[in-house]
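For reference, the chains in residue letters:
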Amino acid sequence: MSVRVRYAPSPTGNQHIGGVRTALINYLFAKSQGGTFILRLEDTDRTRYSQEYVQNLYETFRWLGFYWDEGPDVGGSKGPYVQSERIDLYRRYAEELVFMDKAYYCFCDSERLEKLRQEQVAQKKDEIGYDRHCRYIAEEERARNLAEARPYVIRLKIPLHGITVFHDALLGQIEWKNEDISPDPVLLKSDGFPTYHLANVIDDHLMGITHIMRAQEWIPSAPMHKIMYDALGWEMPELCHLPMVLGPDGHKLSKRHGATAVNEFKKAGYLPEALINYIALLGCSYEDGRDIYSLDELVRLFRIDRLNKAPAVFDYQKLEWFNGQYIRMKSDKELAELIRPYLISAGLRKEEDPQKDQMELAAIPFIKERLKLLGDSPAIMSYLYKRLDMPAAEEFVPKKASIDEAIMYLEECRSILESSNLDDLPAIEEKFRERATVIGKKLGDILMPLRVAITYSRVSPPLFESMRILGKDECIKRIEAAVAYLRGA
Ligand code: GLU
Ligand code: ZN
């Protein structure tokens, strides 16, 4: 039987790392098996639903570059793939469960349920939940309520005793005491909308899902689902609950730890390849001693038994490292295009500017090494576009030297520069070296004030390359400005 898996998000928020991890593992598994990856929108929670989140979902996966074979936007033979378009189906199966005595009508109004809850709280009951009142109402009462058209929900009959057993590909056999299952969960709400449990089970079955791969937080739902599958006489798909993703402090990854929404990562300048590579490694090992995998390689190497049981820790620094690696793999031209939007929004250039295009292309080879996020490019490169505020005077001064000495070095540099050709970097470097020997100083000491004068920072991209890009006139002007500044300091 060909593998069919699904990613089934509820569009109640922007796509985040956890969701993408679930989707990616489903995708890798499907593709590694020659199977089908499906998107299903579980949009039955109408209060938290927003079309904007659906848009965000499509955009996120288009940007990431892996996509479903069947789904609301691409179609498929088992649609519709949006739960709100399948409402009639859910009612039909819920009524069937009632007919088979596996579920029942509950006419309790919200007042009664609220009163019940308050009583349970007052009595400090461990279990707060429905008291199964309507499971036992007499047939006449039920008929009367129906005749009066009283609103009802449909609840699943959870067996009162015994255990429910199901299998998880990763965690093995799981046994759940029926007493510990939520007492008679609602399947169909009074407005005719299904709950997650009902819609999820029916859709997984009707869409021919073979494996359910989802976050571990859904394990408590699995026994209810198993009871429904059994009641309907359907086979439950193979379950595989994925290890949790934790923040560095051991708590479930959340906004407290940093960015979690994919569009935030995108905005900061992460590359989709880096995110995919890093996320694929969360809770899964592929080959020993390797970190970098393309999506195709991940597909080739993925196996369920390579998933870990233990939770994965999301390490922002590691992700940054991955991003740096992928940035370095880009050609200069590709990278120039990738950083352009960041430079534009930082006001360093306009959209159309062939001169800047050229300058950036020349700068990329030595910028690349220091770039971890595309979004860092304006800060790293701004000195190539304009003069910046002068740093504190001490920044110009080499160790054990004075401001006057720094000024003297700058004057030396200026005179060397005036008689040099910036296109011949080795020659100019040699001149600086000779000059340093003549005046009995270290090359590094002489270059320190120059570096700060040109780039406004002690730690900056290579000095001579930067000077070549800026051109002789601009360099001399910056040296003069630094000298004037230091004289006034
Ligand atoms: N709609 C659920 C979610 O938001 C799906 C859980 C499942 O995969 O069963 O994650
Ligand atoms: Zn009731």
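For the structure, see preceding data.
Below or above, wherever it landed, is the structure these notes cover. (Residues numbered from 1 in each chain as written. Chains lettered and ligands numbered in written order. Predicted model: local features only at pLDDT ≥ 70, side-chain atom pairs only at ≥ 80, totals over all residues. Heavy atoms only, no water.)

1. Some details on the coordination of the zinc ion (ligand 2)
Part 1: Of the protein atoms, only C106 (SG), C108 (SG), Y130 (OH) and C134 (SG) coordinate the zinc ion (ligand 2), at distances of 2.0 to 2.3 Å.
Part 2: Considering all four donor atoms around the zinc ion (ligand 2), angles at the metal cover 101 to 122 degrees and the coordination shape is tetrahedral.
Part 3: Counting along the primary sequence, the residues that act as donors to the zinc ion (ligand 2) give the motif C-x1-C-x21-Y-x3-C. One end of the pair, C108, is in the loop between β3 (103-106) and α4 (110-122); the other, C134, is in the loop between α4 and α5 (139-147), and 26 residues separate them in sequence. You'll find C108 and C134 in the same group, each marked buried. (Donors = N, O, S within 2.8 Å, 3.2 Å for Na, K, Ca; no water. Tetrahedral: all angles 85-135°; square planar, octahedral: opposite > 155°, others 65-115°. Helix = DSSP H or I, 4+ residues; strand = E, 2+ residues; numbered from the N terminus. Buried < 20%, exposed > 50% of the residue type's maximum accessible area, 1.4 Å probe, protein only.)

2. Points about the pattern of salt bridges
Part 1: Applying the stated criterion across every chain yields a total of 40 salt bridges.
Part 2: The salt bridge involving R6 is made with D204; its shortest N-O contact spans 2.9 Å. Here R6, found in strand β1 (residues 4-7), pairs with D204, found in helix α6 (residues 196-206); they are 198 residues apart in sequence, far enough to count as distant. For the pair R6 and D204, a shared accessibility class is recorded, and that class is buried.
Part 3: Here R478 makes a salt bridge to E474, at a shortest N to O gap of 2.7 Å. On the criterion of helical spacing, the pair formed by R478 and E474 is a turn pair, its members being four residues apart in helix α19 (residues 472-488).
Part 4: Here E474 falls in the buried class, since its relative accessible area comes to 19%.
Part 5: Via salt bridges that share partners, R6, R40, E42, R86, D203 and D204 belong to a single interconnected network. (Salt bridge = Lys/Arg side-chain N within 4 Å of Asp/Glu carboxyl O.)

3. Looking at the pairing of strand β8 (residues 211-215)
On a regular strand, one side chain projects to one face of the sheet and the next to the other, so that they alternate.
Part 1: Burial runs high along β8: five of the five residues are buried.
Part 2: Examined bridge by bridge, β8 and strand β9 (residues 238-242) share five bridges and lie parallel to one another. Bridge pairing links A215 to L242 in β9.
Part 3: As a crossover connection, the stretch from β8 through helix α7 (residues 222-232) into β9 is right-handed. (Pairing = 2+ DSSP bridges. Right-handed = clockwise from strand over helix to strand, strands pointing away.)

4. Comments concerning unusual backbone geometry
Part 1: Cis geometry marks the peptide bond from G79 to P80; its omega dihedral reads -5 degrees.
Part 2: Positionally, P80 belongs in the loop between α2 (51-64) and α3 (87-99).
Part 3: With phi around 65 degrees, D101 is a residue other than glycine that occupies positive phi space.
Part 4: Look at D101 and you get partly exposed, because its relative accessible area is 48%.
Part 5: Positioned with a positive phi, K124 is a non-glycine residue whose angle comes to about 50 degrees.

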